[in-house]
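# Geometric and topological summary
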Amino acid sequence: MDEITPHNAFTPAKEVQDIERFAGRISLLDDIAAALQSDGAQIVLYGQRGIGKSSVARVLSQIAINDKIAIARLSTPPHTKLEYLPILITCDDSVSNIDKLLIRLLTDDSALASWLPFKVVERKYVGEGGAKIGIKVVELSGRISESITERTVEVDADIHTTFINACRSIVGSGVAKHGLLIIIDEFDRISDKTGIASILKALGPEDVMFALVGVAGNITELIADHESVGRQLTDGTIVVPPMTKDDLGEIISRAMSALDGKYEFELGAIEWITSIAKGHPFYVHLVGKHALLRAISQKTNIVTKDIARDALADIAFKGSAPIQEATYKKAVGHSYVRERILKGFAERDDQEIYTTDLYGDLAKELKVDPSAISVYVGQLASEKYGSVITKIRDRYYQFNDSLFKAYAAARPYERKTGDKDEDA
Ligand SMILES: Nc1ncnc2c1ncn2[C@@H]1O[C@H](COP(=O)(O)OP(=O)(O)OP(=O)(O)O)[C@@H](O)[C@H]1O
Ligand SMILES: [Mg+2]
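Read on for an overview of the structure. (Residues numbered from 1 in each chain as written. Chains lettered and ligands numbered in written order. Predicted model: local features only at pLDDT ≥ 70, side-chain atom pairs only at ≥ 80, totals over all residues. Heavy atoms only, no water.)

### As for the pattern of salt bridges
Where we set the bar: Every case where a carboxyl oxygen of Asp or Glu lies within 4 Å of a side-chain nitrogen of Lys or Arg is listed as a salt bridge. Only protein chains enter the accessibility calculation, which uses a 1.4 Å probe; a residue is then buried when its area is under 20% of its type maximum, exposed when over 50%, and partly exposed in between.
Counted under the stated rule, the structure contains 19 salt bridges. Here Asp108 ties to Arg104 by a salt bridge, and the two come within 3.3 Å at their closest N and O atoms. The partner of Arg189 in a salt bridge is Glu186, and the shortest N-O contact between them spans 2.8 Å. Taking relative accessible area as the criterion, Arg189 reaches 35% and is therefore assigned partly exposed. Since its relative accessible area comes to 26%, Glu186 is described here as partly exposed.

### Digging into the environment of Ala57
Under the convention used in this document: The helix count covers DSSP runs of H or I at least four residues long, the strand count covers runs of E at least two residues long, and both are numbered beginning at the N terminus. Whether two residues touch is decided by their heavy atoms; if any such pair falls within 4.5 Å, the residues are in contact.
Here Ala57 lies in helix α2 (residues 53-63). Taking the C-alpha atoms as reference points, Ala57 and Leu29, separated by 28 residues in sequence, lie 9.9 Å from one another. Each residue touching Ala57, except ones within four places of it in the same chain, is listed here: Leu45, Leu88, Ile183 and Val213.

### Some thoughts on the sheet that holds strand β13 (residues 396-399)
Formally: For two strands to be treated as a pair, DSSP must find no fewer than two bridges joining them. Angles shown run from 0 to 180 degrees and are taken between the N-to-C directions of axes, each axis being a line fitted to C-alpha atoms and, for helices, limited to the stretch in contact.
The strand order β11-β13-β12 describes an open sheet built from 3 strands, whose pairing is antiparallel. Edge positions in the open sheet fall to β11 (352-354) and β12 (389-393), since each of these has one partner strand only. Pairs of neighbouring strands in the sheet enclose a mean axial angle of 40°, with direction left out of account. In this sheet, β13 lies alongside β11 in antiparallel orientation, the contact comprising 3 bridges.

### A few points about the side chain of His280
Take His280: it is sitting in the loop between α9 (267-276) and α10 (281-297). Residue class for His280 comes out buried when judged on its relative accessible area of 2%. Ignoring anything within four residues of it in the chain, the contact list for His280 reads Gln48, Arg49, Ile51, Leu248, Ser402, Leu403 and Ala406.

### Section: helix α12 (residues 322-332)
Selection rule: As used here, the arc is the angular range of directions from the helix axis to the C-beta atoms.
Of the residues making up α12, those classed as buried are Gln324, Glu325, Tyr328, Ala331 and Val332. Down the axis of α12, the buried side of the element spans an arc of 130°, and every buried residue falls inside it. Projecting away from the buried face of α12 at angles above 90 degrees are the exposed residues Pro322 and Ile323. In this fold, the buried residues of α12 make contact with α10, α11 (305-318), α13 (336-346), α15 (370-381) and α16 (402-410).

### What to know about the site of ligand 1
This is how it is decided: Summary of the distance rule: residues count as near a molecule or strand when at least one heavy atom falls within 4 Å of that molecule or strand. For the purposes of these results, a polar contact is taken to be a pair of N or O atoms within 3.5 Å, where, inside protein, one atom must be able to donate a hydrogen and its partner to accept one; residues adjacent in sequence count only when each atom of the pair is a side-chain atom. For accessible areas, the Shrake-Rupley method is used with a probe of radius 1.4 Å. Any residue's cover is judged against the shown protein chains and nothing else. Gly falls in the polar group here, along with every residue not listed as nonpolar (Ala, Val, Leu, Ile, Met, Phe, Trp, Tyr, Cys, Pro) or charged (Asp, Glu, Lys, Arg). Residue ranges assigned to each domain were obtained from an automatic or database domain assignment.
The environment of ligand 1 is formed by 22 residues, the closest being Thr11, Lys14, Ala23, Lys53 and Ser55. Measuring from an oxygen atom of ligand 1, one finds a backbone N or O atom of Pro12 at 3.4 Å. Protein burial of ligand 1: of its 630 Å² of free accessible surface, 89% is covered by the chains. Of the residues belonging to the shell around ligand 1, the class tally is 10 nonpolar, 6 polar and 6 charged. Two domains each donate at least three residues to the shell around ligand 1, and these are domain 1 (25-239) and domain 2 (245-318).

Below, the structure written as structure tokens:
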């Protein structure tokens, strides 16, 4: 394991790799362990962007192999020793449909390929309706033997059948008592998910459990197949919710222990960071990291609330959260009024924001007519200003990305009250 330094004690840029750095989430992990013990269940882990799904998925793969440290995090240990063969792949834009996903699983060595007694090769050909993909199965006469005689069988092997047979052969070889656990992260990136339901149904009884992980507001949004999956998902539908303030605080204490207690965050700093994060572990890592480095550059080993606030300003102005910052700039443009209104919305805790009172308050404060406020709100919802909010029904708006909402609320103002409102 890499040495822990103030530069990597917090990891805003990647999911948690080491369980020692994984904070909280006990009841969620209990739900995961329960799903892993339910015969025929399939798992779907979904939640908002950046909320911690991939990190949870990694712990899932550790619980599935009865990893002692991961199991110790559960409030109820499993009733049986879990022995799955977990594999984890992350979808990218090249995985545009389920056939491509299955091909990827069959051909990637870190997925199923190295476990198969045959080799699968992707094949592109031109069919009636244009370019198509298919597979070719190369039978190997002996696995890992030096005298492999490769016999190319030019059959149009059906992707689904080959995949199901491949899973069967791995499970049948007895490599893992509980079978295969296929974790597919960023499943939401697959644009055409037709066919996933039938795969889940066909493989559930074969000791093949899937865990589909991705950004979604509900389960049907993530699965998005015309065919329903229903019954198989009863024990496995798991929402990854925003983290509690206590759990977020634990991220800081785990980082401090990893640094052998050489540094410390004051209570006020922890309180401030865990409240502006609004449930998003990403901000705890981001602000935690910059605050710690700032403290060290000021020759102190104690991070105060002021240092944490300054760190957030640094993050904004130096572009350390480039995606959120670009969205913020686009939404605000040259208008203080629009910035004030954006923040007014972002500061509301409710997910669905009721506009009537808010318009009144903002109109009074900005000394404009409430109808003028609604014009700006319309802009924030428009593409030109990044569509950061959406009208969900009469008088209710919602942020499209909760990670951005937290950023918009906490980021220092870009424009000043007296700034000329060039967009107005
Ligand atoms: N339980 C946790 N304890 C400590 N840090 C966490 C935890 N969960 C997530 N994080 C941190 O929060 C950030 C986001 O986590 P992660 O990448 O797992 O989220 P995600 O939901 O998969 O994001 P995305 O929607 O971008 O795929 C990362 O910096 C990660 O290190
Ligand atoms: Mg992720």
